[in-house]
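Overview (structure and organization)
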Protein chains: 2
Amino acid sequence: MNFKSKNTKKELNPNVSVDCVIFGFDLSQLYVLLIDSGNTEDYKQSRMAVPGDLIYDTENLDEAARRVLKELTGIENIYLEQIGAFGDPDRIGKKESDRKWLESIRAQPEARVITVAYYSLVKMPNFNPKASSFAKSAGWTAISEVNELAFDHYEILESALEQLKRKIKIQPIGFNLLPEKFTLSQLHKLYECILGKDLDKRNFRRKILNLNILTDLEEKQIGVPHKPSQLFKFNEENYNKLSLEGFDNFGF
Amino acid sequence: MNFKSKNTKKELNPNVSVDCVIFGFDLSQLYVLLIDSGNTEDYKQSRMAVPGDLIYDTENLDEAARRVLKELTGIENIYLEQIGAFGDPDRIGKKESDRKWLESIRAQPEARVITVAYYSLVKMPNFNPKASSFAKSAGWTAISEVNELAFDHYEILESALEQLKRKIKIQPIGFNLLPEKFTLSQLHKLYECILGKDLDKRNFRRKILNLNILTDLEEKQIGVPHKPSQLFKFNEENYNKLSLEGFDNFGF
DNA sequence: TAGCTATGTGTCTTTTGAACACTATCAAAT
DNA sequence: ATTTGATAGTGTTCAAAAGACACATAGCTA
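The sections below set out a description of the structure shown in this document. For clarity, every value in this text was computed on a predicted model and none was experimentally measured. (Residues numbered from 1 in each chain as written. Chains lettered and ligands numbered in written order. Predicted model: local features only at pLDDT ≥ 70, side-chain atom pairs only at ≥ 80, totals over all residues. Heavy atoms only, no water.)

Remarks on the overall build of chain A
Looking only at helices and strands, one finds seven helices and nine strands in chain A. When each of the 252 residues of chain A is scored for burial, the buried share is 51%. Long-range contacts, defined here as pairs at least 24 residues apart, represent 73% of the contacts in chain A between residues at least 6 apart. Total accessible area on chain A stands at roughly 12,600 Å², and carbon and sulfur atoms take up 45% of it. (Helix = DSSP H or I, 4+ residues; strand = E, 2+ residues; numbered from the N terminus. Buried < 20%, exposed > 50% of the residue type's maximum accessible area, 1.4 Å probe, protein only. Contact = heavy atoms within 4.5 Å. Areas by Shrake-Rupley, 256 points an atom, 1.4 Å probe, with all protein chains shown as cover.)

Re the protein's contact with DNA strand D
Around DNA strand D, 22 residues are found, and the nearest of them are S185, K201, R205 and Q230 of chain A together with P225 of chain B. Restricting the count to atoms of DNA strand D within 4 Å of the protein gives a sugar and phosphate share of 40%. Within the side chain of R202 of chain A, one N or O atom sits 3.5 Å away from a base oxygen of DNA strand D. Within the residue set of the surface near DNA strand D, elements represented by two or more residues are α6 (201-210) of chain A together with α6 (201-210) of chain B. When the residues that make up the surface near DNA strand D are grouped by side-chain class, the tally is five nonpolar, seven polar and ten charged. (Near = heavy atom within 4 Å. Polar contact = N/O pair within 3.5 Å; in protein donor to acceptor, adjacent residues only side chain to side chain. Nonpolar A, V, L, I, M, F, W, Y, C, P; charged D, E, K, R; others polar.)

Here we look at unusual backbone geometry
Note: most residues except glycine have negative phi, and most peptide bonds are trans. In this structure, E218 of chain A takes a positive phi of about 50 degrees despite not being glycine. Counting through the fold element by element, E218 of chain A comes out in strand β8 (residues 214-220). Using a relative accessible area of 71% as the deciding quantity, one classes E218 of chain A as exposed. Phi is positive for L27 of chain B, which is not a glycine, with a value near 80 degrees. Mapping L27 of chain B onto the fold places it in the loop between β1 (12-25) and β2 (30-36).

Quick notes on the packing of aromatic side chains
Residue and element names in this part refer to chain B. Scanning the model with the defined rule gives 14 aromatic pairs over all chains in all. Ring centres of W101 and F151 lie 5.6 Å apart, and the angle between their planes is 20 degrees; this geometry places the pair in the stacked category. In this pair, W101 sits in helix α3 (residues 96-105) while F151 sits in the loop between β7 (137-142) and α4 (153-168), placing the two residues 50 residues apart along the sequence. Pairing F234 with Y239 gives two aromatic rings, centres 5.3 Å apart and planes at 50 degrees, and the pair type is tilted. Since its relative accessible area comes to 13%, Y239 is described here as buried. (Phe/Tyr/Trp six-rings, centres within 6.5 Å; stacked < 30°, edge-to-face > 60°.)

Here's the deal with the packing of helix α5 (residues 184-195) of chain A against α6 of chain A
Working note: a packed helix pair is described by the angle between its axes plus the distance between those axes. Residues and elements named next belong to chain A. The geometry of α5 relative to α6 is characterised by a closest axis approach of 10 Å and an angle of 105 degrees between their N-to-C directions. The angle between α5 and α6 falls in the class roughly perpendicular. Along the contact surface, α5 presents L184, S185, L187, H188 and Y191, while α6 presents K201, F204, R205, I208 and L209. When the residues that make up the contact of α5 with α6 are grouped by side-chain class, the tally is six nonpolar, two polar and two charged. (Axes fitted to C-alpha atoms, helices over the stretch in contact; angles between N-to-C directions. Parallel < 35°, antiparallel > 145°, perpendicular 65-115°, else oblique.)

Considerations on the pattern of salt bridges
All names here are of chain A. For the structure shown, the criterion picks out 25 salt bridges over all chains. When the shortest N-O distance is used, the salt bridge between D19 and R91 registers 3.7 Å. Here D19, found in strand β1 (residues 12-25), pairs with R91, found in the loop between β5 (79-86) and α3 (96-105); they are 72 residues apart in sequence, far enough to count as distant. Among the ionic pairs, K100 bridges to E96, the shortest N-O distance being 3.9 Å. In this pair, K100 and E96 both sit in helix α3, four residues apart, roughly one turn of the helix. (Salt bridge = Lys/Arg side-chain N within 4 Å of Asp/Glu carboxyl O.)

Considering helix α2 (residues 61-73) of chain A
One turn of an α-helix holds 3.6 residues; hence residues three or four places apart share an orientation. All names here are of chain A. With 13 residues, α2 ought to run about 18 Å at 1.5 Å a step, and its terminal C-alpha atoms sit 18 Å apart, in line with that. L61, E63, A64, A65, R67, V68, L69, L72 and T73 are the residues of α2 that are buried. Positioned one or two residues after α2, G74 has a phi angle of 80 degrees, which is positive. (Expected span 1.5 Å × (residues − 1).)

Nothing here speaks to function; it is geometry throughout.
Next up, the structure:
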């Protein structure tokens, strides 16, 4: 999405921010992209946060989220969905370490800020998180290793995961996390990771194939030390058709 | 919920508002509570809006929504759920009539305002909408009659309905729209209205009863010109039990 | 007492979900 | 050359849920 300012002077709105929970998948685990405040006085976890920024008065919320994503990852056209707004009056000022961080990055660190949270899905290998105006460093953390985050970001992450779980049962958005060519086992593993439970292999394969949204590439894995798996790609045409008709449930 | 300000001076935040889509049901149709700007120069529909207000810097978003609901309806403890944030830079300034209205109610009518939308469910007969600081008049409009609203409120209403549809399949929140004592036919009609489609009577009754969340009051309608219906009430205890176990789907 | 209106009830068929175990194919190690 | 380890791939059966469908009942009214 192209963001074009309508005013020459773009002003940050001191009261509204966006935060983006960026999910990745390395074919065995789910990850989230976190930035580091660089504040060395505190434990590592509490210095980590979900990337975000104040919005400009000229851009809409989705645009702001895409701007943050682009600055951080260089990627455009990413799957993006709003989670909702988080607005406790003291959501960003509870911890001493949070306040210090704010003082270092915000013109008005005491302002009351409500944030609009998003989650997005990216193909992990496609990109390298960069340092940016709002992040000294950025990197992937396995979801299972996240215990504590700055501000109310842990709560935001939980909401993101919840929404992702709900959504993936209704729409095959998981393809955004996989490489172009993938195996059914990888897709299977992805669903298990997101839903946090085991799924029967045969039942999974049957259901997915019955949706007719996969194209068999008639190509196999090479160099793997076991029976090579058939490769598939996502069939966009059939998926779009199916979306229009409306389908309710993957049924997991 | 009791809202208690932590500061003596409560200040409205000029950049963030809440808007509440309030649904009601009169046993035959779904309604939404709309307020009237009182601006007489334009068509009726475009003067109507969903009630809302700027937030105070001391309250959180849910509190702000409850405050709006209380001011308008006098009711507390209402079912309330966030829909999400709406924040196009020009969402409130597109139409001339919108701008006039804003000038009459806002200290900074030109400010860029993002809004956090909520929907809530109320028992229609329980209450009378009142005029308030932000509404010259307020009243129920059948969903089917709403064509156009001020600002981006039509879009907000559509999102509210969508979310309600999704939610009512997963949780029996519909009880918030019905009187304490209700018949299965009324509940059936409510589901049909919300989902916008016919549901088989016998299948509906079977599914609902199998959930064990209804208590048969062993009491019948009186004075109706047809076979009187059994009355039920919502069994909160069983519902809470069921919620904890987690149930996925009414299956409509 | 006839007519109108909405209530209330059961069965059968089809679809969907869930449980379950063995053979096949490759690479690497011996 | 053979064995080993790792993952891929494949069907059937049983149980549960969804969907389709028609008629007798109870109260009011005219």
